[in-house]
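Residue-level structural notes
The primary structure of each chain is shown beneath.
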Amino acid sequence: MANGKDPLLERAKFFREHVATVLNLATGSLVLSVTFLHDQTGHLRNTWLLKRSWWLLFLTIFFGVGYNYVLNIYLRQEGARYNTLLKILSFAFHVAFIVAVCYLLRFGLWNIS
């Protein structure tokens, strides 16, 4: 332990803050895209890109909340058995967010007038 701080707690704090940041980005992307759609109805193309983006943003939020929940259990029990689950949730969380943003960008580029 360096400087009297637990490295596990420091890492957990970093991961929790990172997940919270990505969750805020996912939620903001979802809300802003709904607002954009509300203002632009009638002449939109390739709306399937937006629908996929929404589903993936919902999955991102779900995986992020699940990651935080499992991280809390991991810290309380100091259980290494949750390490694999944390890695899987983190991977799914990040991949869903990146793919959702790609779909959202593709939709936006198709509909710039």
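Reference entry: report on the structure contained in this document. Note that this is a predicted model, so its numbers are computed, not measured.

Looking only at helices and strands, the protein has three helices and zero strands in total. Listed by position from the N terminus, the elements making up the protein come as α-α-α. For the protein, the C-alpha radius of gyration of 18 Å lies well beyond 13 Å, the compact-globule estimate for 113 residues. For the protein, the C-alpha atoms occupy an extent of roughly 60 × 25 × 15 Å along the three principal directions. Expressed as a percentage of its 113 residues, the buried residues of the protein come to 32%. For the protein, restricting intrachain contacts to residue pairs at least 6 apart in sequence, the fraction spanning at least 24 positions comes to 76%. If you sum the accessible surface of the protein, you get close to 7,800 Å²; carbon and sulfur atoms cover 66% of it.

So, on to the environment of tryptophan 48. Following the sequence through the fold, tryptophan 48 ends up in helix α2 (residues 47-77). In sequence terms tryptophan 48 and cysteine 102 are 54 residues apart; their C-alpha atoms lie 13 Å from each other. Excluding residues that lie within four positions of it along the chain, tryptophan 48 makes contacts with Tyr103 and Arg106.

Looking now at the nonpolar core. By size, the foremost hydrophobic cluster in this structure holds 28 residues, and its most contacted members are Leu57, Tyr67, Leu71, Tyr74, Leu86 and Phe93. For this core, the elements supplying multiple residues, two or more each, are α1 (7-39), α2 and α3 (83-110). The residues contacting leucine 86, other than those within four sequence positions of it, are Tyr67, Val70, Leu71 and Tyr74.

Next up on the list: the environment of glutamine 77. Looking at the element boundaries, glutamine 77 is found in helix α2. Sequence-wise, glutamine 77 and tryptophan 54 are 23 residues apart; in three dimensions their C-alpha atoms are separated by 35 Å.

Turning our eyes to something else, we now look at the side chain of serine 53. If you trace the backbone, serine 53 turns up in helix α2. For serine 53, a relative accessible area of 0% translates into the label buried. Looking at serine 53, its side chain comes within polar contact range of the main-chain oxygen of alanine 100, at 3.0 Å. Excluding residues within four positions of it along the chain, serine 53 makes contact with Ala100, Tyr103 and Leu104.

Thresholds applied
Residues numbered from 1 in each chain as written. Predicted model: local features only at pLDDT ≥ 70, side-chain atom pairs only at ≥ 80, totals over all residues. Heavy atoms only, no water. Helix = DSSP H or I, 4+ residues; strand = E, 2+ residues; numbered from the N terminus. Rg over C-alpha atoms; globule rule 2.2 N^0.38 Å. Buried < 20%, exposed > 50% of the residue type's maximum accessible area, 1.4 Å probe, protein only. Contact = heavy atoms within 4.5 Å. Areas by Shrake-Rupley, 256 points an atom, 1.4 Å probe, with all protein chains shown as cover. Core = buried A, V, L, I, M, F, W, Y, C linked by side-chain atoms within 4.5 Å. Polar contact = N/O pair within 3.5 Å; in protein donor to acceptor, adjacent residues only side chain to side chain.

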